[in-house]
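Listed below, chain by chain, are the residues.
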Amino acid sequence: NSGELARAVAEAFPQIQASVFDLPVVCDIGRAHLAKTAQADRVRFIEGDLRADPLPDGMDLITFKSVLHDWPEDHASAFVAKAARALKPGGRIVVFERAPFDFSDGLPAYHDLPNLMFMHFRRPPGVYRAMLEGLGLKIEQESQLVLDMPFFLLSARKP
């Protein structure tokens, strides 16, 4: 990704060193994006392919922000398992994902229509909770929020 989330976290927490793991071309874009920011020296880009490469070991926190819904469930589960292996004891995984829409109050608003074509990719938080717990991680936080669409946040700690 562009590294913007890592940059914002590094800006808010000056003690943070952040890493972004993504495909080489995406890392190039991220480096260029952050080059002139005050946080550029605290955000490193690690080139790799999550489908084939391991994540760097010894991480305190690994986030999946709007990543997992793009992949079939078996891939998403494998990615979460890689993250759990890369965490040091006491480390956390945070999943911040788009949630399914709730139509119990009626039809969606007109401005939501473009998002509907991706509805079949969205999973409820329980799917990710089961993945995390199945890896022995303990859920510490589960929140739902609405930005431009429904999202949820799950945080789990490795024992």
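Everything here concerns the structure above.
Presented here is an overview of the structure given in this document. (Residues numbered from 1 in each chain as written. Predicted model: local features only at pLDDT ≥ 70, side-chain atom pairs only at ≥ 80, totals over all residues. Heavy atoms only, no water.)

**A short note on the overall build of the protein chain**
Cut-off, in case you're wondering: Secondary structure elements follow DSSP: runs of H or I no shorter than four residues count as helices, runs of E no shorter than two count as strands, and numbering proceeds from the N terminus. We call two residues contacting when some pair of their heavy atoms lies within 4.5 Å. Only the protein chains shown count as covering a residue, and every accessible area follows the Shrake-Rupley method with a 1.4 Å probe.
Within the protein chain one finds five helices and six strands. Across the protein chain, helices and strands are ordered from the amino to the carboxyl terminus as α-β-α-β-β-α-β-α-α-β-β. Counting only contacts in the protein chain whose residues sit at least 6 apart along the sequence, the fraction spanning at least 24 positions is 69%. When the accessible surface of the protein chain is summed, it comes to about 9200 Å², and 58% of that surface belongs to carbon and sulfur atoms.

**What to know about the pattern of salt bridges**
Put simply, the rule is: Here a salt bridge means any side-chain nitrogen of Lys or Arg lying within 4 Å of a carboxyl oxygen belonging to Asp or Glu.
Considering all chains together, one arrives at 10 salt bridges under this definition. Measuring nitrogen to oxygen at the nearest pair gives 3.2 Å for the salt bridge that ties R31 to E47. Here R31, found in helix α2 (residues 24-34), pairs with E47, found in strand β2 (residues 43-47); they are 16 residues apart in sequence, far enough to count as distant. R129 is the partner of E142 in a salt bridge, and the nearest nitrogen-oxygen pair spans 2.8 Å.

**Digging into the sheet that holds strand β6 (residues 150-157)**
Definition in use: Here, a strand pair is defined by DSSP locating no fewer than two bridges between the strands. Axis definition: a line fitted to C-alpha atoms, limited for helices to the stretch in contact. Angles are taken between N-to-C directions and run from 0 to 180 degrees.
One open sheet accounts for four strands, arranged β3-β4-β6-β5; its pairing is mixed. Each edge of the sheet is formed by a strand with only one pairing partner; in this case those strands are β3 (59-65) and β5 (138-146). Neighbour-to-neighbour, the strand axes of this sheet turn through a mean angle of 10 degrees, independent of strand direction. Where strand β4 (residues 87-98) meets β6, seven bridges bridge the pair, whose relative direction is antiparallel. Considered in β6, the bridge of R92 is made with R157.

**A few points about α2**
This is how it is decided: Each residue gets one of three labels from its accessible area relative to the maximum for its type: buried under 20%, exposed over 50%, partly exposed in between, using a 1.4 Å probe on protein chains only. As used here, the arc is the angular range of directions from the helix axis to the C-beta atoms.
Along α2, the residues that are buried comprise C27, G30 and L34. Seen along its axis, α2 keeps its buried residues to an arc of 60 degrees; they face one direction. Relative to its buried face, α2 has exposed residues pointing more than 90 degrees away, namely V25, I29 and A32. Taken together, the buried residues of α2 touch α1 (4-12), β1 (18-22) and β2.

**Notes on the environment of I62**
Looking at where I62 falls in the secondary structure, it is placed in strand β3. With sequence-adjacent residues up to four places away left out, I62 is seen in contact with L55, A83, A86, L87, R92, I93 and V94.

**Here's the deal with a nonpolar patch on the surface**
To be explicit about the condition: Residues enter patches when they are more than 30% accessible in relative terms and free of salt bridges; like-charged ones are connected within 9 Å and nonpolar ones (Val, Leu, Ile, Met, Phe, Trp, Tyr) within 5 Å.
Residues L5, V9 and F13 make up a contiguous nonpolar surface patch of about 250 Å² in total accessible area. Counting through the fold element by element, L5 comes out in helix α1.

**Remarks on the nonpolar core**
A general tendency of soluble globular proteins is for nonpolar side chains to be buried together. Counted only if it meets this: Among buried residues, the Ala, Val, Leu, Ile, Met, Phe, Trp, Tyr and Cys ones that are joined through side-chain atoms within 4.5 Å form a nonpolar core.
One finds I62, F64, L68, I93, V95 and L132 to be the most contacted residues of the largest nonpolar core, which totals 23 residues. Looking at this core element by element, the count peaks at six residues for helix α3 (residues 73-86). Counting eight residues, the second-largest nonpolar core is a separate cluster that includes A18, C27, L34 and F45.

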